[in-house]
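The chain contents come next:
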Number of protein chains: 2
Amino acid sequence: MTGYHRAMIREPFDAASERPVRLGPLPDEALDALVVVLDEIRFGRSRSRSELVTRTGLGRAIVAQRVGELIERGLVTEGDVGPSTGGRPPRQLTFRADGGYILVADLGATSIDVAVTTLDGRILGHHDEPARIEAGPETALDRVDVLFDSLVRTTQGLPGRLWGVGIGVPGPVEFASGRPISPPIMPGWDGYAIRERFAARYGAPVWIDNDVNVLALGEWRSGVAAGHANVVVVKIGTGIGAGIISDGHLHRGAQGSAGDVGHIQVTDDPTVVCRCGNIGCLEAVAGGAALGRAGQGAAEDGRSARLQTALDQRGVVTAEDVARAASFGDPVAVALLGEAGRRVGSMLAGIVNFFNPSLIVIGGGVANSPDQLLAAIRETIYRRSLPLATRDLLVQRSSLGGLAGVIGASVMVGDQLFSRESLARWIEAGEPGGVTEVAS
Amino acid sequence: MTGYHRAMIREPFDAASERPVRLGPLPDEALDALVVVLDEIRFGRSRSRSELVTRTGLGRAIVAQRVGELIERGLVTEGDVGPSTGGRPPRQLTFRADGGYILVADLGATSIDVAVTTLDGRILGHHDEPARIEAGPETALDRVDVLFDSLVRTTQGLPGRLWGVGIGVPGPVEFASGRPISPPIMPGWDGYAIRERFAARYGAPVWIDNDVNVLALGEWRSGVAAGHANVVVVKIGTGIGAGIISDGHLHRGAQGSAGDVGHIQVTDDPTVVCRCGNIGCLEAVAGGAALGRAGQGAAEDGRSARLQTALDQRGVVTAEDVARAASFGDPVAVALLGEAGRRVGSMLAGIVNFFNPSLIVIGGGVANSPDQLLAAIRETIYRRSLPLATRDLLVQRSSLGGLAGVIGASVMVGDQLFSRESLARWIEAGEPGGVTEVAS
């Protein structure tokens, strides 16, 4: 069953309100066409009515009607006359990305990133600072409120009003309800009503997803993964997780826990105990915390003078210290990064055989390290996976770096705001952007 | 991008003929509705016009038009008056599954299964026999021709004429061209034009896929996986492979090699050399060939009297011998199956963390063995995967057994025959079922 079929074969009742869904003045087929036309313009794939006709296969009259409605509703503008290819010069169609703004926060294990963006994910203002997710939701989200207020106050020329809020968190999320589910490194967050909290304060729709899904969306729409239909985006930070693009959509899995690759067993060594309670998890040998511990061991044993300096200065060695030492050629640090890379690569070789992606993206704090890590990951994947699966496989570094999380959160909000379900509700309500109760 | 968008945003030219695609009398939106309505009736989800209206969200007039077209084209029949719920009693709509028949062959490493089915995958005639895929395409496919002819001759009351041919093969296939690509256990088959060969002989469209994809389609449409959106179907035969249902569609991956789990590394032991040339592949320790070898070792060492008897009788011990010995309680055979199950379970535990399916189906020759194998697989998955990912996870035995391959091949043909692209071509040609040039 294709996505289209799933979209069409839905229950006729709104599960939340138990009332029949009224789709407003547009019949369903017209609504489908509206979504297709808007996506074409929104992603810059079609820039004129004739391009829309060519690319979508929709009739000329239908395209003209749908474009007219989008202009009328303020989602599309008709700009300058585009380049002519003979005949009447076409009018350039543009998504009105500055019709409003989106507020996003990417919460990591040890950081908060916030940004205000246009409706197409362009960053207008950005701020990041250290924070501890384990301080609990009240502390973290109060701080997000303060930072959001500050962004809105200080960003020059903020367009229109707030259309949506997007939040990424470092743990499993039930996407439909927007609530964290038993997140291992987020004490106090289990089942916390993040959506309701922000919706009440901001009067705008709110979507929450885990940080790796958000990262994958960002790289897929605006980064190195653009144009790929099957992608695995690996985040190597304190822990290790993956976001999955499967045949052109974000794959969340049956319980929304897909991509939890940090807890795949990679060794039988009984001394490798993971924070999850299992033995031999990837994260316990190759995550940021494990790298930091291994570096600290090398510093304490006197095997690395450079890591010893880091230990003396701050009393602790972090993964970032190891990465920095490796970039200066410290042999112990280079070896540690190489070993972590081979572990990650070995896990990914299995994923490549199972999933056959065309691209693997390596991101996260630890990945912003010298080339040794990426080289070891690449080498192991190419050595261990089947030739057919690696024939055209690319393994690349994240292209958005530290901004991938907030860009991805904004992309998530945009995709939800301009989904079929949202557009149907907007048309019913007569006005976009004011919906606080959102479909899953 | 959803499936719908992919379907809509296609090139306006037929890549094969380089002529503009003419979609016949139906505009695109109507064609989309036609596919949705036909699928509803075909899968038995909607049995009347009012159920169609309720379930699809399409308007009453549109539903009536599309149903009328399907009846006119002989794809749907209007039968007895269904149960009334007040008002005018509804007329029951049924897919005309006996409008024609489908010929299918499931080629295994050591067997050929052929069947003739209705258009909805119901088996009308079936035959299986031992065969060696390594004898090459001419030998194997000549035999398929003979068996197809025999089936057509001997099956009583074959409906209509041949609408399509479906073939499953034990190796990677480029689905668009229908050609095997570097299949490791199929010498002589690389790039062989299976489609062209059958299309020329039968004058009907032909589709080819690998045996595990076909198995997954069968279990998903007609077996234990029905109703699940995220499924991994593992086939443990001579080798080990998996078919993947991802968010309600078959996931083939970027090169069509997804599901090649038999070559995931599960041990560092340098003495475990796989036929693929790598060290420590799952298949080399837990596939049927490996089980047979281990059983033969136990027979030669005199560790198992029952396996020794098998060796004395036929000069070789197979995986089936090990399974049979285990079912009689032979402790060595039980231990071998348990070890194989733990190896498969350990690999699957990683897949569960990565992919988060709601169901894992275990099929293939070795899986038709006593419960020890399934029990060991289950135990290892539940012990090694994250609690959230296994909360509602089912691990079940294949429900279609030896028929899953041919049923799946028929489902594949049905899905392709009644796809949007095929329907568009049929409408243009004026007659269904006579298309030999098929879209990928």
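Just above sits the structure.
Since this is a predicted model, take the numbers as computed values, not measurements.

1. Brief notes about the relation of the copies chain B and chain A
And then number 1: At an RMSD of 0.0 Å, chain B and chain A line up after a rotation of 180° and a shift of 0.0 Å along the axis. Such a combination of turn and shift is consistent with a two-fold rotation axis.
And then number 2: The share of interface residues of chain B whose copies in chain A are also at the interface is 99%, consistent with both copies meeting through the same surface.

2. What about the sheet that holds strand β9 (residues 206–210) of chain B?
All names here are of chain B.
And then number 1: If you walk across this open sheet you meet the five strands as β5-β4-β3-β6-β9, and the pairing is mixed. In the strand order of this sheet, the two ends are held by β5 (123–130) and β9, each with one partner. Averaged over all adjacent pairs, the angle separating strand axes in this sheet is 15°, with direction ignored.
And then number 2: Running over the sheet, helix α5 (residues 137–154) touches β3 (100–107), β4 (111–117), β5 and β6 (161–169) and is turned about 35° from β4.
And then number 3: Its contacts with the sheet put helix α15 (residues 404–417) on β3, β4, β5, β6 and β9, and the angle it makes with β3 is roughly 130°.

3. So, the packing of helix α5 (residues 137–154) of chain A against helix α6 (residues 194–202) of chain A
All names here are of chain A.
And then number 1: Where α5 meets α6, the axes come as close as 12 Å, and the angle between the chain directions of the two elements is 30°. Judged by the angle between their axes, α5 and α6 are roughly parallel. You can see that α5 and α6 cross each other, and the crossing is right-handed. Between α5 and α6, the residues in contact are E138, L141, D142, V144, D145, F148 and D149 and I194, R197, F198, R201 and Y202, respectively.
And then number 2: When the residues that make up the contact of α5 with α6 are grouped by side-chain class, the tally is six nonpolar, no polar and six charged.

4. Describing the side chain of D260 of chain B
And then number 1: Tracing the chain through its elements places D260 of chain B in the loop between β12 (249–250) and α8 (282–286).
And then number 2: We note that D260 of chain B is buried and unpaired, the nearest opposite charge coming from R275 of chain B at a distance of 7.3 Å.
And then number 3: Those residues within four positions of D260 of chain B in sequence are excluded, and the remaining contacts are N353, F354 and L386 of chain A.

5. Observations regarding the interface of chain B and chain A
How big an interface is tends to be stated in terms of accessible area lost as the parts join.
And then number 1: On the chain A side, the residues contacting the 69 residues of chain B number 68 residues.
And then number 2: In total, chain B and chain A occlude about 5900 Å² of area from one another, counting both sides; carbon and sulfur atoms represent 54% of this.
And then number 3: For chain B, the biggest contributors to the area lost against chain A are E29, F354 and R384 of chain B; these three give 14% of the whole.
And then number 4: At the junction of chain B and chain A, the tally comes to zero salt bridges.
And then number 5: In this structure, the connection of chain B to chain A is made through 31 residue pairs in polar contact (both at pLDDT 80 or more).
And then number 6: Those elements giving two or more residues to the side of chain B that touches chain A turn out to be α1 (3–8), α2 (28–42), α3 (49–56), α4 (60–72), β11 (240–246), α12 (331–355), α13 (371–384) and α14 (387–390) of chain B.

About the cut-offs
Residues numbered from 1 in each chain as written. Chains lettered and ligands numbered in written order. Predicted model: local features only at pLDDT ≥ 70, side-chain atom pairs only at ≥ 80, totals over all residues. Heavy atoms only, no water. Least-squares fit on C-alpha atoms with pLDDT ≥ 70 in both. Contact = heavy atoms within 4.5 Å. Pairing = 2+ DSSP bridges. Helix = DSSP H or I, 4+ residues; strand = E, 2+ residues; numbered from the N terminus. Axes fitted to C-alpha atoms, helices over the stretch in contact; angles between N-to-C directions. Parallel < 35°, antiparallel > 145°, perpendicular 65-115°, else oblique. Left-handed = near helix turned anticlockwise from the far one by under 90°. Nonpolar A, V, L, I, M, F, W, Y, C, P; charged D, E, K, R; others polar. Buried < 20%, exposed > 50% of the residue type's maximum accessible area, 1.4 Å probe, protein only. Lys, Arg positive; Asp, Glu negative; His and termini not counted. Salt bridge = Lys/Arg side-chain N within 4 Å of Asp/Glu carboxyl O. Buried area = accessible area lost by both parts, 1.4 Å probe. Polar contact = N/O pair within 3.5 Å; in protein donor to acceptor, adjacent residues only side chain to side chain.

Geometry only, nothing functional implied.
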